[in-house]
Amino acid sequence: MGARAFVLLLSSFGVLKVSGQFGLAPLVQSLDGEWKLWNSNKSVSLPAQVPGCVHTALQQQGFIKDPYFRYNDLLYEWISLENWTYATMFVVSKEMRSKQKVLLVLEGVDTAASVWLNGESVGQTDNMFRQYVFPIQDLLKDEKNVLRVDFLSPILYAAQRRKAHSAYAVPPECPPDVQKGQCHVNFIRKAQSSFSWDWGPSFPGAGLWKGVRLHAFDLVRLDRFATLPLYDANGSSWTLVVDALVDAVQLMNAVQVTLDMPELQSHGTFSTNIHQGNAKYSFALRINTGRKVKLWWPIGLGGQPFYRLLVTVCSQDGKKLFSVHSKVYFRRVELVQEPIVSSTGLSFYFRINGKPIFLKGSNWIPAHSFQDQVTPTTILNLLQSAVEANMNILRVWGGGVYELDAFYDACDELGLMVWQDFMFACAMYPTDNDFLRTVREEVYQQIWRLKLHPSVIVWSANNENEAALATNWFNIPGWQRTLYLKDYVTLYVDNIKALIKQEDPTRPFLVSSPTNGAESEQEGYVANNPYDPRYGDTHFYSYETDCWDWRTFPRARLASEYGFQSWPSLATLLPVTMPEDLRFDSLFASHRQHHLDGNQQMLKQSSIHYHLPNSSNPYTRFTHTLYLTQRTSGGLDIHRDPRDLRMFSGISKVMQAQCVKIQTEFYRRSRSELQGGLGHTMGALYWQLNDIWQGPSWSSIEFGGKWKMLHYFAVDFFADILPVAFEDNGDLLIYAISDLSPDLKLNVMVSVYKWSNLDPICTLRSESTVVPGGSAVPVFKRSIDVLLAGCGNCSRQSCLLSFHLEDKDGTQYGPANHHFLCSPKDAVGLLLPNITVKVRGDETELLVDVHSQAVAPFVWLDAGNVEGRFSRNGFLMLSRNKTVTFHPDRNTSVAQFSLALTVTSLSDLY
């Protein structure tokens, strides 16, 4: 290495360590830290951190309050209408100035800006998702250097770009009024949801949201680096393709490149010429066939092993130019779209390392409106929550951002697969030269950044734009449709698909989601009906039909979006509300709801199966209603100290959890069967995992990380082994679902309970059934009338069912499940359970002993503002005693937790 070594963590392009010999290695100087920030007329001037954004800086310096508080999304609109300037002064060493090439590297600029150094123009930026690199060696001074970045208002910039596109409109012009957002977001390469969405606010920010650095070198600089393992099925062998983008000051002949993977006893040496300027170099290392390669597997199917790769690059005279240490994971992925016997469509499922995988997961949106406030800890907590809910995949949705490296690194390590959208959503887009130029560079950079991650199993070019065009969301006249079809193919096929084919042949590519996949391609990339359940993936939402009726769901090949709204808990809402906001008819409740008729849809869906709260106190009625859409208030009076309002939330979460449970169970039990050519469902990803702020949404995790009832339900309905019940033509059917590899021989145990009695009145045991690995098979069928007549003459209204799977020795497999024979609002004999709780344990693990005097549906334990997770929640209490574990995020005493803890069940509302 010589007397001194240079080490750089390439935080934007994968987990790598790059080193070089003293005298040859680039010098790197970070310009992160405190900058100056001011608006166009300098009426506002303040210090600001980089990385950061304007909103964060204004809040940190006390110019504004929490942007999420009450109506501040509207009150602070002026921030996004202003032009802002970031500036810093820095000094560079004589050694750095003496280098042949000095580059200014801007990792993330949000969004439209001009960059100036010492009063001279350096360049322009127009894309939040790109890294920008500008040569500056001729502009540096001996002493003070002033770097300035002048930002244009993103709202005004988008409007200017729309105005310049005068040939034809590119819809939609503006979001729906209920979203309270800004117009023309499709004209700016920025998080599309930053101009508002139906689950989030409008905060079109500006700032340097990633790092700023100087790179100086005399010979070469490694710009980007990636590895791609390729599998040869014929020879059962692996080849590791190593790609490098290198920026060279001059031509260097006969450069020696050495690739070494000691654990696999694989070594290769290559000679190449490095040309002046930026160029791509690829090398193929054949993996020693005498060594068994350990494969990366999705969670639940195997481990996530990796190997160390050392790349050493030396000049012709033997001097080390640089070296790279990198992790390498081996896995192969296929998207199988084949004819199905007895169906006119095609299959649509993923095989990882040759094994068909049922996708179980959710959709990921930005974790905050201001990306500089998203920390690796925030990301890891959300990903860990997904793992604890038995998910194996997350879809990074196309209206947000390409996530931080910490996200993909964690997914690699956890075994969480990633469905990666490119950042286009719910809109048509322009295809002028400037737009395509910046998009190509965006896509190119993101492919290079992400292709080394085994967790990324599929690229998808956009969210719902094929469906928008096919079903004419934007009322495009028929005579203009050809124009928009041409733009669609130009952007997603001629540009994005072409780049993926060039840079990453290892993963499947989808032009859109939902899509008919191969069938859409046959129809010119826009199918007549992209929601056809015989092909591809499907998005499905219905708020009018009964969510308990499985016949209303599409028997799709793969369900990649579906869901229902709920409100968050009181603990989450309190920091952004005033007491008068906490009622269902308040201005705040209306303002925070960005989905048209969303609050009424929640009430309507809830009313199908539950009594709506009818308290004369509007605040109590509000909190009870929110329980049914999530959980209960327990009748607490809003006029008490706000700290006592620990149970705020309601009916929306019960409704949401039960609706998504029933729909997910339908998709899971449809994996092994066809009905009318429909079925063989191989994935269920509900909308959505996380929240961007404190408001009603489809999420299962609230802003801040608190689990809703839905997420607790997901732990069970995504379990590797699961029994599922449903009714068809008067019969009760129970299916056994297994995602495990080995075959199992299982019985189902069915217990019949009266709503009025905690002791089962009847228990039935089925014959043993072989449940093949990776299947869903019926294990029980019985006429409901016959079953009830044989069990104490139960009626549908007086009884309910509980069931579980077990082997011949009585060992239970998977969670227990239940089936309601009537709506809870029609249940006869449902009593007040008078639930009591007792807390014991220590500061790191708290045990809650729950005692009930009666059957209690949807028992909800709430820890208020004590952060942490329960082992179970929202459960059906069919025993007198149950112990639940609470894992606090930080040490919490029994006394503290007991003071915060409340418990509620559905019966407490009535």
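Residues numbered from 1 in each chain as written. Predicted model: local features only at pLDDT ≥ 70, side-chain atom pairs only at ≥ 80, totals over all residues. Heavy atoms only, no water.

(A) Local environment of the overall build of the protein. Broken down by element type, the protein carries 19 helices and 49 strands. For 910 residues, the compact-globule estimate of 2.2 N^0.38 gives 29 Å, and the protein sits close to it at 29 Å. Counting only C-alpha atoms and orienting by the principal axes, one finds that the protein spans roughly 90 × 70 × 65 Å. Looking at the protein as a whole, 63% of its 910 residues qualify as buried. (Helix = DSSP H or I, 4+ residues; strand = E, 2+ residues; numbered from the N terminus. Rg over C-alpha atoms; globule rule 2.2 N^0.38 Å. Buried < 20%, exposed > 50% of the residue type's maximum accessible area, 1.4 Å probe, protein only.)

(B) Focus on the packing of aromatic side chains. Per the counting criterion, the structure on display carries 56 aromatic pairs. The interplanar angle of 25° and the centroid separation of 4.7 Å between the aromatic rings of Phe886 and Phe897 together place this pair among those described as stacked. With Phe886 in strand β48 (residues 881–888) and Phe897 in helix α19 (residues 894–900), this pair connects stretches of sequence that are 11 residues apart. For the pair Phe886 and Phe897, a shared accessibility class is recorded, and that class is buried. An aromatic cluster is built from Phe540, Trp550, Phe553, Tyr562, Phe666, Tyr667, Phe726 and Tyr735, whose rings are joined through pairwise contacts. Above the plane of the ring of Phe306 lies Lys327, whose end atom (NZ or CZ) is 4.6 Å from the centre. Positioned above the aromatic ring of Phe875 is the side chain of Lys882, whose terminal nitrogen or guanidinium carbon lies 5.3 Å from the ring centre. (Phe/Tyr/Trp six-rings, centres within 6.5 Å; stacked < 30°, edge-to-face > 60°. Lys NZ or Arg CZ within 6 Å of the ring centre and 35° of its normal.)

(C) Structural view of the pairing of strand β45 (residues 856–862). With respect to burial, β45 is a largely interior element, seven of its seven residues being buried. Note: β45 against strand β47 (residues 875–877), two bridges, orientation antiparallel. Among the inter-strand pairings, Val859 is bridged to a residue of β47, identified as Phe875. (Pairing = 2+ DSSP bridges.)

(D) The sheet that holds β45, seen in detail. Pairing in this open sheet of three strands is antiparallel, and the strands run β47-β45-β49 from one edge to the other. Looking at strand neighbours, the two that pair on one side only are β47 and β49 (902–904), the edges of this open sheet. If you compare each strand with its neighbour and ignore which way they point, the axes differ by 40° on average. (Axes fitted to C-alpha atoms, helices over the stretch in contact; angles between N-to-C directions.)

(E) Quick look at the state of the cysteines. Scanning the model with the defined rule gives four disulfides in all. A sulfur-sulfur distance of 2.0 Å marks the disulfide that ties Cys174 to Cys183. Measuring the twist about the S-S bond at about 100°, one finds the Cys174-Cys183 disulfide to be right-handed. With relative accessibility at 25%, the residue Cys183 sits in the partly exposed group. Sulfur-sulfur distance for the disulfide between Cys794 and Cys799 comes to 1.8 Å. Because the sign of the S-S torsion sets the handedness, a value of about -60° for the bond joining Cys794 and Cys799 places this disulfide among the left-handed ones. A relative accessible area of 9% means that Cys794 is categorised as buried. (Disulfide = S-S within 2.5 Å.)

(F) Quick peek at empty space enclosed by the protein. Applying the stated criterion to the full structure yields 10 cavities of 30 Å³ or more. Space inside the largest cavity adds up to approximately 170 Å³. What lines the largest cavity is a set of 19 residues, and nearest its centre among them are Met128, Ser194, Ser369, Phe370 and Gln371. Among the residues forming the lining of the largest cavity, the class breakdown is 10 nonpolar, six polar and three charged. (1 Å grid on protein atoms, 1.4 Å probe; cavity = no way out; pocket = protein on both sides within 12 Å on 5 of 7 lines; lining within 4 Å. Points joined across faces, edges and corners; volume = space filled by probe spheres on them. Nonpolar A, V, L, I, M, F, W, Y, C, P; charged D, E, K, R; others polar.)

(G) Up close: the packing of helix α8 (residues 433–450) against helix α10 (residues 481–503). One can describe the packing of α8 onto α10 by two numbers: an axis separation of 10 Å at closest approach and a directional angle of 30°. One element, α8, and the other, α10, form an angle in the roughly parallel class. As α8 runs across α10, the sense of the crossing is right-handed. Contacts from Phe435, Leu436, Val439, Arg440, Val443, Tyr444, Ile447 and Trp448 of α8 reach α10 at Thr490, Leu491, Asn495, Ile496, Leu499, Ile500, Gln502 and Glu503. (Parallel < 35°, antiparallel > 145°, perpendicular 65-115°, else oblique. Left-handed = near helix turned anticlockwise from the far one by under 90°. Contact = heavy atoms within 4.5 Å.)

(H) Quick look at the pairing of strand β16 (residues 237–248). Burial analysis of β16 places 12 of its 12 residues in the buried class, the great majority of the element. By the alternation rule, side chains of β16 split into Ser237, Thr239, Val241, Asp243, Leu245 and Asp247 and Trp238, Leu240, Val242, Ala244, Val246 and Ala248, which are all buried. Between the antiparallel neighbours strand β15 (residues 220–232) and β16 lie four residues, among them Ser236 with a positive phi of about 50°. Both β16 and strand β19 (residues 277–286) contribute to a ladder of 10 bridges, which runs antiparallel. Pairing of Asp247 across the sheet is with Asn278, part of β19.

(I) Quick peek at the side chain of Gln179. Positionally, Gln179 belongs in the loop between α5 (154–164) and β12 (195–197). Look at Gln179 and you get buried, because its relative accessible area is 10%. Within polar-contact distance, the side chain of Gln179 engages the side chain of Ser196 at 3.2 Å. (Polar contact = N/O pair within 3.5 Å; in protein donor to acceptor, adjacent residues only side chain to side chain.)

(J) Region of the structure containing the sheet that holds strand β36 (residues 731–738). Ordered by their spatial adjacency, three strands build an open sheet running β35-β36-β40, and the pairing between neighbours is antiparallel. With one partner strand each, in any of the chains shown, β35 (721–728) and β40 (775–783) form the two edges of the open sheet. Neighbour-to-neighbour, the strand axes of the sheet open up by a mean angle of 20°, direction not taken into account. Here β35 runs beside β36; their pairing, made up of eight bridges, is antiparallel. When the sheet's bridge partners are listed, Val724 is paired in β36 with Tyr735.

(K) Quick peek at the pattern of salt bridges. Going through the model one piece at a time under the given rule, you end up with 47 salt bridges. With a shortest N-O distance of 3.0 Å, Lys101 and Asp247 are connected by a salt bridge. Separated by 146 residues along the polypeptide, Lys101 in strand β7 (residues 101–106) and Asp247 in strand β16 bring together distant segments of the chain. For Arg765, the salt bridge goes to Glu806, with nearest N and O atoms at 2.5 Å. Taken together, the residues span a long stretch of sequence, with Arg765 in strand β38 (residues 762–765) and Glu806 in strand β41 (residues 799–806) at a distance of 41 residues. Salt bridges sharing partners connect three or more residues here, namely Lys360, Arg668, Arg671, Asp720 and Asp739. (Salt bridge = Lys/Arg side-chain N within 4 Å of Asp/Glu carboxyl O.)

(L) Representation of helix α7 (residues 405–414) within the structure. Counting buried positions over the 10 residues of α7 gives eight, a clear majority of the element. Along α7, the positions that sit buried rather than exposed are Asp405, Phe407, Tyr408, Asp409, Ala410, Cys411, Asp412 and Leu414. For α7, the secondary structure elements touched by its buried residues are β25 (359–364), α6 (376–388), β26 (393–396), β27 (417–421), α8 and β28 (456–460). One or two steps after α7, the chain reaches Gly415, where phi turns positive at roughly 85°.

(M) Highlighting unusual backbone geometry. A cis amide bond links Val50 with the next residue in sequence, Pro51, at an omega value of 0°. Assignment of secondary structure puts Pro51 in the loop between β5 (45–50) and α1 (54–60). The peptide bond linking Pro171 to Pro172 adopts the cis configuration, its omega dihedral lying at 0°. Relative to the helices and strands, Pro172 is located in the loop between α5 and β12. Look at Asn475: it is not a glycine, yet its phi comes out positive at around 55°. Along the chain, Asn475 turns up in the loop between α9 (465–470) and α10. On the basis of relative accessibility, which here comes to 64%, the residue Asn475 falls in the exposed class. The backbone of Asn834 shows a phi angle near 50°, a positive value even though the residue is not glycine. Checked against the element boundaries, Asn834 lands in the loop between β42 (812–820) and β43 (836–841).

(N) Layout of the nonpolar core. Formed by 161 residues in total, the largest nonpolar core has its most connected members in Leu383, Tyr686, Phe870 and Phe897. Top element by residues in this core is helix α16 (residues 651–669). It accounts for nine residues. In this structure, Tyr686 is in contact with Gly361, Ser362, Asn363, Met391, Tyr562, Val660, Ser700, Leu710, His711, Ala714, Phe717 and Phe718, ignoring residues within four places of it in sequence. With 39 residues, the next largest nonpolar core counts Val44, Ala57, Phe90 and Val122 among its residues. (Core = buried A, V, L, I, M, F, W, Y, C linked by side-chain atoms within 4.5 Å.)

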